[in-house]
Every structure is written in structure tokens, then in C-alpha cells.
Amino acid sequence: MNIQMLGTGSAFAKQYYNTNAICFSQGHILMMDCGMTAPLSLHQLGYKFSDIDALLISHIHSDHIGGIEEFAFQMKYVFKKKAKLFIPSPIVDTLWEGSLSGGLKTDEFPTLDDYFDVHLIEVGQQHELIPGLSVEAILTSHIPKKPSYSYFINGSFFYSADMKFDPGLLERLYQRGCTTIFHDCQFIPPGLVHTTLEELQSLPDHLQEMIWLMHYEDNKPEYEGRTGPMRFVEQHQLYNF
Ligand SMILES: Nc1ccn([C@@H]2O[C@@H]3COP(=O)(O)O[C@H]3[C@H]2O)c(=O)n1
Ligand SMILES: [Zn+2]
Ligand SMILES: [Zn+2]
């Protein structure tokens, strides 16, 4: 699988865009989250929304879903086709009622299905989103009572949503064959809703060696060379795993 970050920043970062990604498999493209900066980032990479076959959502925060209204409008009125939308079933109503319907709902197009080919994801099940790319959704802790889902891709690649530190999960993924982890990272403690660099640095070496840091703040240059075996994911760089 190839993956390219549309952005690598925290929700309030101004240098790095929102932590969203595109994954490539067998000529198809999956977008992982679509935050406020995703439309500009895709444009800068030379992609159109119609190039995106499927969108996968982690949770309902604008740095992860704030670009979906533009995606939906462009697909309907510019490209006149529907992309697939994969979303865990517990958050689909919140996405529509709590976010998108304000801009998208009309008498003619009253539902999310009018804009996307909606597929519900269930925790613990394998879902093939595009050919050769399957995900298992894992409910991970972020904000109390606000479901947030991380994804284990093709049994080897873990893409964290915004999540609190969960060393037990990372070790279990390692035992299951995980070789690469893209993990959110907050530099300054306390990690009330995110995982801190300090927490990740407490992990054993075999886990740190697999970890790439994302969702970081604008002062990331201060931490370059200070993350041990963990590397930073960079915006727009293409990675193959
Ligand atoms: N209880 C909360 C809720 C939110 N936040 C901040 O708001 C951001 C929303 O996007 P995020 O990427 O989840 O990061 C959250 C925190 O910075 C926070 O710090 N504490
Ligand atoms: Zn976020
Ligand atoms: Zn969040």
C-alpha cells in the first residue's frame, strides 16, 4: 500500500494542514478523513475530488470532516457521480444531523445517501474499501462519549485516529503482525485527548521503531532529532509499506 499525507498537523496547526491522507491500491484511491484543509491539499497535489473512489471517516471533528461539504457539492454538481463513504455506524447520524445537513440538506436531496454511496463499518469486522485494501475499525479513546475509530489496514498498518495513549493496543497489534504505526502525537503534556510524545517514548523499542508521528503542532522543528527511533510523517511525501 502507498500512503501520502494531505496534511500532518494538529487541529490548530497552521503550518502542516489537517492530518488526513490518501491511500493508493490497485489503481484506486481511498481518502482517510477529509478535514478543512483537504480540498486545498488535494488541489496542490493535482488531484480532483472525482479521483477519490472512497472516503473513510475516523471521527466527527472538523480537522477530520470539515472538507466533506465541498467534496459532496463538487461530486454532485461538478462531477455528477457518487464516491463511496465508509463510516462506523454509531457516528453516521452525527455526521449528517450534526454537521453536513446544515449545508447539504434540501427538499430535493434530504439524506446523506443523496450525496454518497454510504457503507457502514462495524468494529472488529474486515471491510474491503478499495481493491486490495481492507480495514478493521478499532474504537479508541479520544473525547469522553464521542466515538473515535482507528484503523488496522491489511493486517499490518495501524493508522491512529486522534486517540489517548493505549500501549496495550499497540502491543496487541504488534503480536498480530503490525509492522507500521502512524500515530497522533502531542508535544506538550498532558495528553487529555491525544497521545503525548513523552508517552510514546515510554514504549519498548520494538514498538517505537514502527512508529511514525503525525497530528503534530507547529513547533515540530524543535523536536526533530529528539524522537529516538520514531520518525515524523511529512506532508505530501509518498510512503510505501
Ligand atoms: N476536551 C477537549 C476537546 C477538544 N480539545 C481540543 O480541540 C481539538 C479538536 O480537534 P482534535 O484534533 O481532536 O484536537 C482537539 C484538542 O486540541 C481539547 O483539547 N480537549
Ligand atoms: Zn484531529
Ligand atoms: Zn479529534
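So, here's what we can say about the structure. (Residues numbered from 1 in each chain as written. Chains lettered and ligands numbered in written order. Predicted model: local features only at pLDDT ≥ 70, side-chain atom pairs only at ≥ 80, totals over all residues. Heavy atoms only, no water.)

### Quick word on the site of ligand 1
Definition in use: By convention in this text, a residue qualifies as near a molecule or strand provided that one of its non-hydrogen atoms is within 4 Å of it. We call two N or O atoms a polar contact when they sit within 3.5 Å, provided that within protein one can donate a hydrogen and the other can accept it, with sequence-adjacent residues counted only if both atoms are side-chain atoms. The accessible surface values rely on the Shrake-Rupley method and a 1.4 Å probe; as for residues, cover is taken only from the protein chains in view. Only Asp, Glu, Lys and Arg are considered charged, only Ala, Val, Leu, Ile, Met, Phe, Trp, Tyr, Cys and Pro nonpolar, and every remaining residue, Gly among them, polar.
The full set of residues close to ligand 1 is Ala11, Phe12, His61, Asp63, His142, Ile143, Asp162, Val193, His194 and His215. A distance of 2.8 Å separates an oxygen atom of ligand 1 from a polar atom in the side chain of His142. Side-chain polar atom of His194 to an oxygen atom of ligand 1: 2.9 Å apart, as the coordinates give it. Its free accessible area being 420 Å², ligand 1 has 61% of it covered by the protein chains. When its residues are assigned to classes, the shell around ligand 1 shows four nonpolar, four polar and two charged.

### Details of the coordination of the zinc ion (ligand 3)
Selection criterion: The donor set covers N, O and S atoms within 2.8 Å of the metal, switching to 3.2 Å for Na, K and Ca, and it leaves out water, so a site may look short of donors. Note on classification: 1.4 Å probe, protein chains only; a residue is buried when its accessible area is under 20% of the maximum for its type, exposed when over 50%, partly exposed between these limits.
The protein atoms that coordinate the zinc ion (ligand 3) are His59 (NE2), His61 (ND1), His142 (NE2) and Asp162 (OD), at distances spanning 2.1 to 2.2 Å. Each donor residue of the zinc ion (ligand 3) belongs to the same chain, with the gaps between them written as H-x1-H-x80-H-x19-D. Classification of His61 as partly exposed rests on a relative accessible area of 24%. Of the residues examined, Asp162 reaches a relative accessible area of 2% and is grouped as buried.

### Focus: the sheet that holds strand β3 (residues 28-32)
Heads up, the condition is: For two strands to be treated as a pair, DSSP must find no fewer than two bridges joining them. Each helix corresponds to a stretch of at least 4 residues labelled H or I by DSSP, and each strand to a stretch of at least 2 residues labelled E; elements are numbered beginning at the N terminus. To obtain each axis, a line is fitted to C-alpha atoms, and for helices this fit is confined to the stretch in contact; angles are then taken between N-to-C directions over 0 to 180 degrees. Should any heavy atoms of two residues lie within 4.5 Å, those residues are considered in contact.
Taken in spatial order, the seven strands line up as β6-β5-β4-β3-β2-β1-β14 in an open sheet, and their pairing is mixed. Edge strands, defined here as strands with exactly one partner in the open sheet, are β6 (116-121) and β14 (238-240). For this sheet, the mean angle separating the axes of adjacent strands, direction not counted, is 25°. Packing against the sheet, helix α1 (residues 38-45) makes contact with β1 (2-7), β2 (20-25) and β3, and its axis sits at approximately 125° to β1. Contacting β5 (83-88) and β6, helix α4 (residues 92-104) runs over the sheet at an angle of about 110° to β5.

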